[in-house]
Amino acid sequence: MIENDQALAGFGHFYICEGKQMEEISLYYVCWFIINVFGFGLMGLDKQKARKHQWRISEKMLWLTIIIGGSIGSYLGMKLFHHKTKHLSFKLGVPIFIVLHVALAILLSVS
């Protein structure tokens, strides 16, 4: 926490008002949130395209999104849209990446 009269800018950090104090949010967490929203949206969009027999989003793109941090959003999208839930690689792989990403977030918050 920082006081209101302290500097409000810093490389890689954002500050959010919370009463009289400011909470620091690492740029890492902001990016992590954005990539998860993106992963969620990709799953929904690919499911919609599959239903309409349109050009699809490649599995490489889905996996890239999962690997770089979008595992939680992609998993929620899988469950909500019932998409890729029969593919063993997604059923097993996405939860593994969730564990890895959460562990990384914990390690970053401790250091």
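Residues numbered from 1 in each chain as written. Predicted model: local features only at pLDDT ≥ 70, side-chain atom pairs only at ≥ 80, totals over all residues. Heavy atoms only, no water.

Draft legend 1. Spatial organisation of the overall build of the protein chain. A tally of regular secondary structure across the protein chain gives 3 helices and 3 strands. When the helices and strands of the protein chain are placed in sequence order, the string is β-β-β-α-α-α. When each of the 111 residues of the protein chain is scored for burial, the buried share is 29%. Put simply, of all contacts in the protein chain between residues at least 6 apart along the chain, 54% involve residues at least 24 apart. Looking at the protein chain as shown, the accessible area adds up to about 7600 Å², and 69% of this sits on carbon and sulfur atoms. (Helix = DSSP H or I, 4+ residues; strand = E, 2+ residues; numbered from the N terminus. Buried < 20%, exposed > 50% of the residue type's maximum accessible area, 1.4 Å probe, protein only. Contact = heavy atoms within 4.5 Å. Areas by Shrake-Rupley, 256 points an atom, 1.4 Å probe, with all protein chains shown as cover.)

Draft legend 2. The confidence of the model for the protein chain, seen in detail. When pLDDT is averaged along the protein chain, the result is 84, and 77% of the positions lie at 70 or above. Mean pLDDT per element in the protein chain: strand E1 (residues 2-3) is the minimum at 46, and helix H2 (residues 59-81) is the maximum at 97. Contacts from residues 1-9, a stretch scored under 50 in pLDDT, to residues over four places away or in other chains number 15 contacts. (pLDDT = per-residue confidence, 0-100.)

Draft legend 3. Quick look at the pattern of salt bridges. Taken as a whole and assessed by the stated rule, the structure comprises 2 salt bridges. Between Glu59 and Lys84 there is a salt bridge, with its nearest N and O atoms 2.9 Å apart. A residue pair is termed long-range when its members are at least 10 positions apart, and Glu59 in helix H2 and Lys84 in the loop between H2 and helix H3 (88-110) qualify at 25 residues. For Glu59, a relative accessible area of 33% puts it in the partly exposed group. (Salt bridge = Lys/Arg side-chain N within 4 Å of Asp/Glu carboxyl O.)

Draft legend 4. Structural view of the packing of H2 against H3. Two elements in contact, H2 and H3, have axes separated by 9 Å at closest approach and are oriented at 80°. In terms of their interaxial angle, H2 and H3 are classed as roughly perpendicular. In this structure, H2 contributes Glu59, Leu62, Trp63, Ile66, Ile67, Ile68, Gly69, Gly70, Ser71, Ile72, Tyr75 and Met78 to the contact, and H3 contributes Ser89, Phe90, Lys91, Gly93, Val94, Pro95, Phe97, Ile98, His101 and Val102. (Axes fitted to C-alpha atoms, helices over the stretch in contact; angles between N-to-C directions. Parallel < 35°, antiparallel > 145°, perpendicular 65-115°, else oblique.)

Draft legend 5. Focus on the packing of aromatic side chains. Taken as a whole, this structure holds 4 aromatic pairs when the rule is applied. In this structure an aromatic cluster arises from ring pairing among Trp63, Phe90 and Phe97. (Phe/Tyr/Trp six-rings, centres within 6.5 Å; stacked < 30°, edge-to-face > 60°.)

Draft legend 6. Main features of the packing of helix H1 (residues 27-51) against H2. Between H1 and H2, whose axes approach to 6 Å, the crossing angle comes to 60°. With respect to H2, the element H1 is oriented oblique. Where H1 crosses over H2, the two elements pack in a sense that is right-handed. Partitioning the contact of H1 with H2 into residue classes produces 15 nonpolar, 10 polar and 2 charged. (Left-handed = near helix turned anticlockwise from the far one by under 90°. Nonpolar A, V, L, I, M, F, W, Y, C, P; charged D, E, K, R; others polar.)

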